[in-house]
Amino acid sequence: AFLDLRQRCSQRKKDISRDALNLDDSQFASALATMKNVIAQVMKSGGEDEAIAEALPDGFHPQLRSLLAKIIKHHVPEWLDITIEDRISMPRLLSTDWRVDLRAASDSVKKMAVPSVIYTMEIEEPSMQKDQPSGVKTVQLELTKASLEVSMSCTIFC
């Protein structure tokens, strides 16, 4: 049910499970939907014992309740890891570097020998799919004195 909840369960696996449980299509769909709801409810609460007990209905068979609780409790750490891995995250800053440069050539005499700050960032962009490796991208910014003053004043007053 968890694999199907994460859209990772093949139809073949569902068919094998349905046949092993000796259920027709509607019964299996209902049982799968119920287990998805139970697992989702447990995962939202972090997999605590109380959450597992609350996720199963009151009139549930005691031995079956105990068995399902043990199975769910056993798999919760694995499911939490999978859930964390599947999250889409923001790019991560790996490194930064900066230096001050002087322009030695320009189309205008006014722009010659004007200092500027070169700011370089190395960013890891997460892949959108689990099978693809994340990409590392280098971003370089050139800031003149005026643009640096504007960006600094925005960070102070904004």
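Residues numbered from 1 in each chain as written. Predicted model: local features only at pLDDT ≥ 70, side-chain atom pairs only at ≥ 80, totals over all residues. Heavy atoms only, no water.

(A) Quick peek at the overall build of the chain. Counting its secondary structure elements, the chain contains six helices and three strands. Residues counted as buried form 18% of the 158 residues belonging to the chain. Once local pairs closer than 6 in sequence are excluded, the contacts in the chain between residues at least 24 apart make up 46%. Carbon and sulfur atoms form 57% of the exposed surface of the chain, whose accessible area is close to 12,000 Å². (Helix = DSSP H or I, 4+ residues; strand = E, 2+ residues; numbered from the N terminus. Buried < 20%, exposed > 50% of the residue type's maximum accessible area, 1.4 Å probe, protein only. Contact = heavy atoms within 4.5 Å. Areas by Shrake-Rupley, 256 points an atom, 1.4 Å probe, with all protein chains shown as cover.)

(B) Molecular detail of the sheet that holds strand β1 (residues 92–102). Strand order across the open sheet formed by three strands is β1-β2-β3, with antiparallel pairing between neighbours. Where the open sheet ends on each side, the last strands, each with one partner, are β1 and β3 (135–144). Here the strands of the sheet are splayed against their neighbours by 15° on average, with no regard to which way each runs. Two elements, strand β2 (residues 115–125) and β3, share 10 bridges in a ladder whose sense is antiparallel. Paired with Glu-122 across the bridge in β3 is Thr-138. (Pairing = 2+ DSSP bridges. Axes fitted to C-alpha atoms, helices over the stretch in contact; angles between N-to-C directions.)

(C) View of the pairing of β2. Both β1 and β2 contribute to a ladder of 10 bridges, which runs antiparallel. Bridging across to β2, Arg-99 finds its partner in Ile-118.

(D) Geometry of unusual backbone geometry. Positive phi values are uncommon outside glycine, yet Asn-22 reaches one of about 55°. Structurally, the position occupied by Asn-22 is in the loop between α2 (11–21) and α3 (25–44).

(E) Fine view of the environment of Val-42. Relative to the helices and strands, Val-42 is located in helix α3. Placed 14 residues apart in sequence, Val-42 and Leu-56 show a C-alpha to C-alpha distance of 9.9 Å. If near-sequence neighbours (up to four positions away) are discounted, Val-42 is found in contact with Gly-47, Ala-51, Ile-52, Ala-55, Ile-72 and Val-76.

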